[in-house]
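# Structure assessment
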Amino acid sequence: MTETSLDSFISGLPKAELHLHIEGSLEPELMFALAKRNALTLPYKSVEEIRAAYSFSRLQDFLDIYYAGASVLLTAEDFHDLGLAYFRRAAADGVRHAEIFFDPQTHTDRGVPFATVAKGLFSAMDAAQRTLNVSSKLILCFLRHLDEDAAFATLKMAEPYLDRIAGVGLDSSEVGHPPSKFARVFKRAREMGLKLVAHAGEEGPPDYVYEALDLLGVDRLDHGNRSLEDESLVKRLAATGMTLTVCPLSNLKLCVVHDMKDHPLKRMLALGLNATVNSDDPAYFGGYVNDNFRAVAAGVGLTREEISRLARNSFTGSFLNPDEQAVHLAALDAYSAA
Ligand code: ADE
Ligand code: ZN
């Protein structure tokens with residue numbers, strides 16, 4: 001396929017990525033390498049066999065495979081290698097700043113200490129800043145299929161590292177695990193000075209988005225697709241300038257949308273929502289952030305102005321301070337004008 005001028009515009013566009021699960025960036029090649037290094041046997045014979053297993057009809061199909069894949073991550077070096085592989089790939093896509101999720105409970109529940117995970121990710125973030133000029137922030141996600149006491153215990157484990165953790169989030173199986181289940185731990189995180197985000201409205205109903213806003217008090221909304229089913233919710237999200245971290249290829253692979261032509265991103269922008277484009281779990285969903293931009297731009301017919309708007313939203317929706325945002329926005333404006 002030849003690269004269109006829109007594709008090359010996307011390639012060079014300065015952008016931030018705000019919805020990326022670091023465990024979801026574990027490529028099959030690295031999974032095999034880490035299994036070998038840690039003397040583990042995978043239930044797959046080849047990289048091709050792993051990729052062939054990545055066919056999902058819903059979020060839970062993916063989560064089962066994703067948690068199993070993470071079992072090769074044991075040492076701080078493993079987490080460092082995972083993180084740095086992502087940052088290298090992101091830098092190649094024009095990502096200047098990334099706010100990455102990690103799922104500590106996926107690791108602590110199999111005996112990997114919180115400190116090991118933290119040490120490896122922090123060193124990858126430092127290396128990304130030093131060698132790639134990519135800045136980053138870390139967001140600790142609570143697994144919503146577990147109970148709130150487990151989330152409190154995880155927050156306690158994070159206490160020694162809070163100077164390097166920007167916020168908390170909520171991920172994993174959405175339906176049946178509404179935000180209200182985590183209202184107390186989010187309140188505590190807010191009191192500790194952490195930013196708050198939550199996955200809501202990916203598979204769950206608009207009511208879960210209301211709960212994320214009203215009961216958790218989120219600063220940013222992850223996915224939020226199903227908000228579009230509720231007109232007054234859309235008006236509220238637009239009026240308050242809430243950022244939505246939208247993940248087009250994830251939506252397609254998890255059957256949140258059935259065809260990229262039906263993706264709601266263009267409609268979100270037209271409704272005045274501060275949508276952004278992100279890769280979610282790129283190793284599992286077939287693409288990094290520029291693949292997401294290209295797929296959705298081709299599917300729904302985005303203009304250059306809409307693409308620039310999405311990149312602008314990624315910086316203004318980040319947890320960078322206004323001065324830091326201004327530097328990126330100036331670079332974006334210079335790029336878009338050229
Ligand atoms: N964990 C990793 N990716 C996720 C997603 N898209 N939704 C919920 N939990 C996740
Ligand atoms: Zn996600």
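An account of the accompanying structure is given in this report. (Residues numbered from 1 in each chain as written. Chains lettered and ligands numbered in written order. Predicted model: local features only at pLDDT ≥ 70, side-chain atom pairs only at ≥ 80, totals over all residues. Heavy atoms only, no water.)

### Things to note about the site of ligand 1
- Close contacts around ligand 1 come from His 21, Leu 59, Phe 62, Leu 63, Tyr 66, Asp 171, Ser 172, His 199, Glu 202, His 223, Asp 280 and Asp 281, and that covers them all.
- His 21 has a polar side-chain atom sitting 3.3 Å from a nitrogen atom of ligand 1.
- In the environment of ligand 1, a nitrogen atom lies 2.7 Å from a nitrogen or oxygen atom belonging to the side chain of Glu 202.
- For ligand 1, the accessible surface in isolation is 260 Å², of which the surrounding protein chains cover 100%.
- A majority-of-atoms criterion places ligand 1 in the largest cavity.
- Ranked by residue count, the leading element in the shell around ligand 1 is helix H4 (residues 59-69), at 4 residues.
- Tallied by class, the residues present in the shell around ligand 1 amount to 4 nonpolar, 4 polar and 4 charged. (Near = heavy atom within 4 Å. Polar contact = N/O pair within 3.5 Å; in protein donor to acceptor, adjacent residues only side chain to side chain. Areas by Shrake-Rupley, 256 points an atom, 1.4 Å probe, with all protein chains shown as cover. 1 Å grid on protein atoms, 1.4 Å probe; cavity = no way out; pocket = protein on both sides within 12 Å on 5 of 7 lines; lining within 4 Å. Sits in = over half its atoms within 2 Å of the grid points. Helix = DSSP H or I, 4+ residues; strand = E, 2+ residues; numbered from the N terminus. Nonpolar A, V, L, I, M, F, W, Y, C, P; charged D, E, K, R; others polar.)

### Some words on the pattern of salt bridges
- By the definition in use, this model includes 21 salt bridges.
- Across the salt bridge formed by Glu 159 and Lys 156, the nearest N and O atoms sit 3.4 Å from each other.
- Under the relative-accessibility criterion, Lys 156 is labelled exposed at 55%.
- Measuring nitrogen to oxygen at the nearest pair gives 3.8 Å for the salt bridge that ties Glu 191 to Arg 188. One end of the pair, Glu 191, and the other, Arg 188, are both in helix H9 (residues 183-191), 3 residues apart, so they sit about a helical turn from each other.
- Overall, Glu 191 belongs to the exposed group, its relative accessible area being 51%. (Salt bridge = Lys/Arg side-chain N within 4 Å of Asp/Glu carboxyl O. Buried < 20%, exposed > 50% of the residue type's maximum accessible area, 1.4 Å probe, protein only.)

### Let's talk about the sheet that holds strand E1 (residues 15-21)
- Strand order in the open sheet made by the 8 strands is E1-E2-E3-E4-E5-E6-E7-E8, with parallel pairing throughout. The open sheet has two edge strands, E1 and strand E8 (274-277), and neither has a second partner. With strand direction ignored, the average angle separating the axes of adjacent strands in the sheet is 25 degrees.
- Where strand E2 (residues 95-102) lies against strand E3 (residues 135-143), 6 bridges are found, and the strand directions are parallel. (Pairing = 2+ DSSP bridges. Axes fitted to C-alpha atoms, helices over the stretch in contact; angles between N-to-C directions.)

### Some remarks on the environment of Ser 173
- With respect to the secondary-structure elements, Ser 173 resides in the loop between strand E4 (167-171) and H9.
- Classification of Ser 173 as buried rests on a relative accessible area of 11%.
- Along the chain, Ser 173 and Thr 106 lie 67 residues apart, while their C-alpha atoms are 13 Å from each other.
- When neighbours within four sequence positions are excluded, Ser 173 is seen to be in contact with Leu 59, Gln 60, Leu 63, Arg 144 and His 145.
- Engagement of the side chain of Ser 173 in a polar contact is seen with the side chain of Gln 60, the distance being 2.7 Å. (Contact = heavy atoms within 4.5 Å.)

### Focus: helix H17 (residues 322-337)
- Taking 1.5 Å as the rise per residue, H17 with 16 residues should run 22 Å; its terminal C-alpha atoms sit 22 Å apart, in good agreement.
- For H17, the complete set of buried residues consists of Gln 325, His 328, Leu 329 and Leu 332. Projected down its long axis, H17 shows its buried positions confined to an angular sector of 105 degrees, all on one face. Exposed positions of H17 whose direction lies more than 90 degrees from the buried face are Asp 323, Val 327 and Ala 337.
- Here H17 starts with a cap whose side-chain oxygen sits 3.0 Å from the backbone nitrogen of Asp 323, and that cap is Asn 321. (Expected span 1.5 Å × (residues − 1). Arc of directions from axis to C-beta.)

### Quick notes on the packing of helix H2 (residues 28-37) against helix H5 (residues 76-92)
- Where H2 contacts H5, the axes come no closer than 11 Å and their chain directions differ by 165 degrees. Judged by the inter-axis angle, H2 sits roughly antiparallel to H5. For the crossing formed where H2 meets H5, the hand is right-handed. From H2, Leu 30, Leu 34 and Arg 37 reach across to H5, where they touch Glu 77, Asp 78, Asp 81 and Leu 82.
- Counted by class, the contact of H2 with H5 contains 3 nonpolar, no polar and 4 charged residues. (Parallel < 35°, antiparallel > 145°, perpendicular 65-115°, else oblique. Left-handed = near helix turned anticlockwise from the far one by under 90°.)

Limitation: the analysis is restricted to geometry and does not speak to function.
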